[in-house]
Amino acid sequence: MTSLTGTGNTDAMTNDREAVQASWNTTRDHLDAARAQLTGLPDIDLSATLEFLEHNELGLAFDCLVDLGEDLDLPLSFWQHLDRAAREMRLYSDALHKPHLTAADFCRRHLAAASEQG
């Protein structure tokens, strides 16, 4: 007769949890860096983005930042931070399976355009 106690691999679960937390922290750092470039700009309301970040809704914060940056002439670094956040969240792989444009698609377009400008 075998015992069921101790059958879980707690080391693997701990490592997975740590990896997820590290990924969230990396994503959060990139989103914060992009958000910082919008701070102080006239007519930019970051309240929704901040609320999403406070509730760890990183995908929604990403969407807000892309929307806010859509019509602004922002530096390449803004789009690079959003691109890195999108990659960390694996948004580009999800975008391939959707028939409509996503915030990740807009991020890629802006990154390409900003890269061409220098």
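That block above? That's the structure.
Residues numbered from 1 in each chain as written. Predicted model: local features only at pLDDT ≥ 70, side-chain atom pairs only at ≥ 80, totals over all residues. Heavy atoms only, no water.

**Brief notes about the overall build of the protein**
A tally of regular secondary structure across the protein gives six helices and zero strands. In the protein, the order of α-helices and β-strands from amino to carboxyl end is α-α-α-α-α-α. With 118 residues in all, the protein has 30% of them scored as buried. (Helix = DSSP H or I, 4+ residues; strand = E, 2+ residues; numbered from the N terminus. Buried < 20%, exposed > 50% of the residue type's maximum accessible area, 1.4 Å probe, protein only.)

**Focus: the packing of aromatic side chains**
Counted under the stated rule, the structure contains one aromatic pair. Centroid distance phenylalanine 78 to tryptophan 79: 4.8 Å. Interplanar angle 90°. Geometry classified as edge-to-face. Judged by relative accessible area, which is 1%, tryptophan 79 ranks as buried. Sitting over the ring of tyrosine 92, arginine 108 keeps its end group 3.8 Å from the ring centre. (Phe/Tyr/Trp six-rings, centres within 6.5 Å; stacked < 30°, edge-to-face > 60°. Lys NZ or Arg CZ within 6 Å of the ring centre and 35° of its normal.)

**Observations concerning the pattern of salt bridges**
For the coordinates displayed, the defined rule picks out three salt bridges. Note that aspartate 32 and arginine 35 form a salt bridge whose closest N and O atoms lie 3.5 Å from each other. A residue pair is termed a helical-turn pair when its members lie 3 or 4 positions apart in one helix, as aspartate 32 and arginine 35 do in helix α1 (residues 10-36) at three residues. Arginine 87 is the salt-bridge partner of aspartate 83, the closest N and O atoms lying 2.9 Å from each other. Within this pair, aspartate 83 and its partner arginine 87 are both found in helix α4 (residues 76-89), separated by four residues, close to a single helical turn. Through salt bridges with shared partners, a single network forms among Arg28, Asp32 and Arg35. (Salt bridge = Lys/Arg side-chain N within 4 Å of Asp/Glu carboxyl O.)

**Comments concerning the side chain of histidine 81**
If you trace the backbone, histidine 81 turns up in helix α4. Apart from the residues within four sequence positions on either side, histidine 81 is in contact with His30, Ala33, Ala34 and Gln37. (Contact = heavy atoms within 4.5 Å.)

**A short note on α1**
Taking 1.5 Å of rise per residue, 27 residues should cover 39 Å, and α1 covers 38 Å from first to last C-alpha, within 8% of that figure. Among the residues of α1, those classed as buried are Ser23, Thr27, His30, Leu31, Ala34 and Arg35. Close packing links the buried residues of α1 with α2 (47-54), α3 (58-69) and α4. (Expected span 1.5 Å × (residues − 1).)

**Details of the environment of threonine 102**
The topology assignment puts threonine 102 in the loop between α5 (91-95) and α6 (103-117). Classification of threonine 102 as buried rests on a relative accessible area of 13%. The spatial distance from the C-alpha of threonine 102 to the C-alpha of tyrosine 92 is 9.1 Å, given a sequence separation of ten residues.

So, to be careful, I would describe these as geometric facts and stop short of saying anything about function.
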